[in-house]
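# Commentary on secondary and tertiary structure
Here's the letter readout for the chains.
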Amino acid sequence: MKLRIRHVTRYQFDDPVKYGLQQVRKTPKSSHQQNVLSWSTDVKGGRKELAYEDHHNNTVELLSIDKNAELLLVTSEGEVDITQTDGVIGRHLGPSPLWLYKRGTEYTKAGAGVRALVHETDPKAPDLQRLHELMAQIRKAVAYQTGSSDPAWGAEEVINHGRGVCQDHAHVALSCTREMGYPARYVSGYLMLNETIEQDAMHAWVEVHVHGLGWVGFDVSNGISPDERYVRVATGLDYGDAAPVTGSRVGGAGEALSVQIEVAQQ
């Protein structure tokens, strides 16, 4: 399936920016089940300084913000061809060793809530069966509600509140699967929705490394493994490694941010 994607991020500043840098992770890569046919990033109010691959094998673009800019507009768009693999990504690629993805983070610290969810699964079941059971338990324990969570919540806080969004589901899943002994990573990407083309945020899910299969994707929020509607963009230990935009600036007070994403079948 060929997907056409357009991702526009707009920053409006009340006060001019004196200096600013951004790391942007919006660029998908050709690998395994996806082939990037075209991709470009256009910047107004700033410029692209360079692009590089980080230790998670993500493409990162470094942008500088023009001095005295009051508007920064970053438009990324292109076409990607996706092959259906039932969520199976395959062998591990990139410079980071596989064992790194067993490491916990501030977002994914395991506690009583995580251990209780893991306990609900059958340790004697085959890997895929047990992992699908786990994802179903997480979806039951944490209701999907937009705008209902705090971006700073870790896995235990999400479980305690019983609600969250795709980022929260992913952090709980990462904590649980690492507690079970699997390497697991956060995935940020694009998802073509059935009911609308326009969206206001990227999607998030997880990939777990299963012996004999390699990386396998699980989308807790939608209760499925990723299919040809999913475009992988960035991976990491948690949201912080795969966030679409990170950075810092001097000046630029009173920021107003808007995001417009369109994902459609080509």
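Attention now goes to the environment of Leu 174. Along the chain, Leu 174 falls in helix α4 (residues 166-179). On the accessibility criterion, Leu 174 (0% relative accessible area) is buried. For the pair Leu 174 and Tyr 107, spaced 67 residues apart in sequence, the C-alpha separation works out to 9.2 Å. Ignoring sequence-local partners within four residues, the contact set of Leu 174 consists of Thr 108, Ala 184, Arg 185, Tyr 186, Val 206, Leu 237 and Asp 238.

The element strand β9 (residues 184-191) is largely enclosed, with a buried count of eight among its eight residues. As judged from the six bridges shared by β9 and strand β11 (residues 203-210), these two strands associate in the antiparallel manner. Of the residues in β11, the one forming a bridge with Gly 189 is His 203. As paired elements, β9 and strand β13 (residues 230-236) share six bridges and run antiparallel to each other.

Within the secondary structure, Asp 238 is located in the loop between β13 and α5 (239-242). Assessed through its relative accessible area of 9%, Asp 238 is described here as buried. Spatially, the C-alpha atom of Asp 238 lies 9.0 Å from that of Gly 104, the residues being 134 residues apart in sequence. Setting aside chain neighbours within four positions, we find Asp 238 in contact with Thr 105, Tyr 107, Thr 108, His 171, Leu 174 and Tyr 186. Reaching out from Asp 238, the side chain makes a polar contact with the side chain of Thr 105 at a distance of 2.8 Å. Within the local environment of Asp 238, its side chain forms a polar contact with the backbone nitrogen of Gly 240, the two atoms lying 3.0 Å apart.

Here the focus is the packing of aromatic side chains. Under the counting rule described, the total for this entry stands at five aromatic pairs. Relative to Phe 13, the ring of Tyr 11 lies with its centre 6.3 Å away and its plane at 10 degrees, an arrangement referred to as stacked. Overall, Tyr 11 belongs to the buried group, its relative accessible area being 8%. Ring geometry for Tyr 186 versus Tyr 239: centroids 6.1 Å apart, planes at 75 degrees, classification edge-to-face. Residue Tyr 186 is located in strand β9, and its partner Tyr 239 is located in helix α5; the two are separated by 53 residues in the primary sequence. Given the relative accessible area of 28%, Tyr 239 is considered partly exposed. One Lys or Arg, Arg 185, reaches over the ring of Trp 215 and ends 3.9 Å from the middle of that ring.

Basis of the calculations
Residues numbered from 1 in each chain as written. Predicted model: local features only at pLDDT ≥ 70, side-chain atom pairs only at ≥ 80, totals over all residues. Heavy atoms only, no water. Helix = DSSP H or I, 4+ residues; strand = E, 2+ residues; numbered from the N terminus. Buried < 20%, exposed > 50% of the residue type's maximum accessible area, 1.4 Å probe, protein only. Contact = heavy atoms within 4.5 Å. Pairing = 2+ DSSP bridges. Polar contact = N/O pair within 3.5 Å; in protein donor to acceptor, adjacent residues only side chain to side chain. Phe/Tyr/Trp six-rings, centres within 6.5 Å; stacked < 30°, edge-to-face > 60°. Lys NZ or Arg CZ within 6 Å of the ring centre and 35° of its normal.

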